[in-house]
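Here is what each chain is made of, one letter per residue.
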Amino acid sequence: MLLPTPAGMNRRHFFRHLAASAATLPTLDFISHVQAHAAQLKKNNKACILMWMSGGPPTIDIWDLKPGSKNGGEFKPISTKGDLQISEHMPKTAQVMDELSVVRAMSTREADHGRGRYYMHTAYVPNPTVVHPAFGSVVSYELGTKRKELEIPAFVSIGGGGTSPGYLGMAHAPFLVDTSGRIRNADMGDVPPERLHQRLAMLGVLEDNFIQSQRGDYPLAHKEIYQKAVNLMTSKQMDAFKIDQEKPETIAMYTGEPARGGMMRGNGGQFGRGLLMARRLVEVGVPFVEVDFGGWDMHSQVFTSLKDRALPALDAGIAALVTDLKQRGMLNDVVLVWMGEFGRTPRINQDAGRDHWAQSWSVMIGGGGLRGGIAVGETDKDGLSITSGKSYLPGDIWATVAQALGIPLDTVHQSKRGRPMKIANGGTPVQELIA
């Protein structure tokens, strides 16, 4: 008998995920400091929501505008409730920028989609000898394993492709769902509950008999895997994925579109619904949620694409998430990060677009007790270079997140070959953001 699995994750991946949880988690020996900080992290209920802009967003048109420059483009900057200006097409976000800050001095040097995605997720450049874990997997291990009350995965990825857990193992791979808020067959599909219980009872008898035959550890591990699957699919915490339980007005606030019974369908609506789902997930204890918003590879007609599609959705979603978390008293416990794999060229190309650019660009970060309302770093009047002296790497962003989440920065993992790997690649927290 195969139990049904959620949308976005195939059965093989699902059971590999559960198998890793049941069979490998208790015997992991590659984290050197597990016991040292266990008591501290046990009381830690913080979380991170990563807004991933797949394709590489033009941050020069969003967070670091250049009015008066030939590279400035069509948009004008507007004032915010913080001490910085942002795009005129982000008016709702401007009203919550006292809670958010922008690091305008990112210089990452990786302008290829695949390499940039890997670098920004892991803080390590790709290396053929080791697969590094995405930071969501690190948080899953460091925080998720200490939350015994958490019955659903500790790393959830909404609306996008998965990232690798690397040497941390499949127990910390992202749990993939789409932005509909519906988990396929989460109610056990068309199998009546009484028949399901009968099947599980029969399976339990067979497995108990097999375990008693003393044929090694595999029968017990097999039973634990299936029990985890049943617990997952029957957990009340799975309701966090059901966006349509929210009021239509709340859904409309996130999507920026009129409510139609809570069933918005546009690309912008999907991003907003993903953020609302993320809020529901961190509310039940999930420590890391990634929400993917694609379509940022704007090599042509960048201003039309931004104005007509991307920025209205982005503006509504970010403003709603910050407002919602703040009203619920959660904002100081939830770190918000907005980033893509790189920025886009200050120079506007012949197709009215911008190309790949990793030399000088921006990341937005806020919540989690971090300082809001400021710009860290500065680029020149044309956006071509960093003029503030210090530039920042992905490890610096993730070190800032780690400190905000209460994960010790002296944490060291070990690769499968025994090589010590510093958390966030030894990055340094952005001191201006530490409140």
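Treat the numbers as computed from the prediction; the structure is a model and nothing was measured. (Residues numbered from 1 in each chain as written. Predicted model: local features only at pLDDT ≥ 70, side-chain atom pairs only at ≥ 80, totals over all residues. Heavy atoms only, no water.)

## Quick look at the confidence of the model for the protein chain
With 76% of its residues at a pLDDT of 70 or more, the protein chain has an overall mean of 85. Taken together, the stretch residues 1-11 has pLDDT below 50 and engages in 39 contacts with residues farther than four places along the chain or on a different chain. Low pLDDT, under 50, characterises residues 184-188; the stretch is placed with ten contacts to residues that sit more than four places away or in other chains. (pLDDT = per-residue confidence, 0-100. Contact = heavy atoms within 4.5 Å.)

## Some thoughts on the side chain of serine 69
Residue position: serine 69 is located in the loop between strand 1 (47-53) and strand 2 (77-79). For serine 69, a relative accessible area of 14% puts it in the buried group. Polar side-chain contacts of serine 69 include one of 2.5 Å to the side chain of aspartate 382. The contacts of serine 69, once residues within four sequence positions are left out, are Lys381 and Asp382. (Helix = DSSP H or I, 4+ residues; strand = E, 2+ residues; numbered from the N terminus. Buried < 20%, exposed > 50% of the residue type's maximum accessible area, 1.4 Å probe, protein only. Polar contact = N/O pair within 3.5 Å; in protein donor to acceptor, adjacent residues only side chain to side chain.)

## Thoughts on the nonpolar core
Among the nonpolar cores identified, the biggest contains 62 residues, and Trp63, Leu281, Trp296, Leu314, Ile318 and Leu336 are the most heavily contacted of them. No other element matches the twelve residues that helix 10 (residues 302-327) contributes to this core. Not counting residues within four places of it along the chain, the set of residues in contact with tryptophan 63 comprises Gln85, Ile86, Met90, Thr93, Met97, Val102, Arg104, Ile318, Trp338, Ser362 and Met364. Of all hydrophobic cores here, the second largest spans 44 residues; its members include Trp52, Met120, Leu143 and Val337. (Core = buried A, V, L, I, M, F, W, Y, C linked by side-chain atoms within 4.5 Å.)

## Re helix 11 (residues 394-405)
Over its twelve residues, helix 11 runs 17 Å from end to end, which matches the ideal 16 Å to within 8%, given 1.5 Å per residue. Judged by how many residues are buried, helix 11 sits mostly within the fold: eleven of twelve residues are covered. Among all positions in helix 11, only Pro394, Gly395, Asp396, Ile397, Trp398, Ala399, Thr400, Val401, Ala402, Ala404 and Leu405 are buried. Downstream of helix 11 by one or two residues, glycine 406 has phi in the positive range, about 85 degrees. (Expected span 1.5 Å × (residues − 1).)

## Section: helix 10
Between the first and last C-alpha of helix 10 there are 35 Å, a value that for 26 residues agrees with the 38 Å anticipated at 1.5 Å per step. At alanine 310, helix 10 is bent by approximately 50 degrees, the largest bend along its length, and proline proline 312 sits one to four residues beyond. Glycine 329 occupies a position one or two residues after helix 10 and carries a positive phi of about 70 degrees. (Bend = angle between axes of the 7 residues up to and from the residue.)

## Considerations on the packing of helix 8 (residues 248-255) against helix 10
Two elements in contact, helix 8 and helix 10, have axes separated by 6 Å at closest approach and are oriented at 130 degrees. Between helix 8 and helix 10, the crossing angle belongs to the class labelled oblique. Counted together, Met253, Tyr254 and Thr255 of helix 8 and Ala316, Gly317, Ala320, Leu321 and Asp324 of helix 10 form the full contact between these two elements. Here the contact of helix 8 with helix 10 is built from residues that sort into five nonpolar, two polar and one charged. (Axes fitted to C-alpha atoms, helices over the stretch in contact; angles between N-to-C directions. Parallel < 35°, antiparallel > 145°, perpendicular 65-115°, else oblique. Nonpolar A, V, L, I, M, F, W, Y, C, P; charged D, E, K, R; others polar.)

## Comments concerning the pattern of salt bridges
Throughout the structure, instances matching the rule amount to 16 salt bridges. We note a salt bridge from aspartate 64 to arginine 104, for which the minimum N-O separation is 3.8 Å. In this pair, aspartate 64 is assigned in the loop between strand 1 and strand 2 and arginine 104 in strand 4 (residues 100-106), connecting sequence segments 40 residues apart. For the pair aspartate 64 and arginine 104, one class covers both residues: buried. For arginine 344, the salt bridge identified is with aspartate 297, shortest N-O distance 2.9 Å. Here arginine 344 is found in strand 9 (residues 343-344), whereas its partner aspartate 297 is found in the loop between strand 7 (288-293) and helix 10, with 47 residues between them in sequence. Exposure remark for aspartate 297: the relative accessible area of 37% places this residue in the partly exposed category. Residues participating in the shared-partner salt-bridge network are Glu246, Arg279, Arg280, Glu283, Asp324 and Arg328. (Salt bridge = Lys/Arg side-chain N within 4 Å of Asp/Glu carboxyl O.)

## Here's the deal with unusual backbone geometry
In this model, alanine 352 sits at a positive phi of 60 degrees, which is unusual for a non-glycine residue. Looking at the secondary structure, you find alanine 352 in the loop between strand 9 and strand 10 (356-357). A positive phi angle, close to 55 degrees, is found at asparagine 425, a residue other than glycine. You can see asparagine 425 is positioned in the segment after strand 14 (420-422). The partly exposed category is assigned to asparagine 425, whose relative accessible area is 39%.

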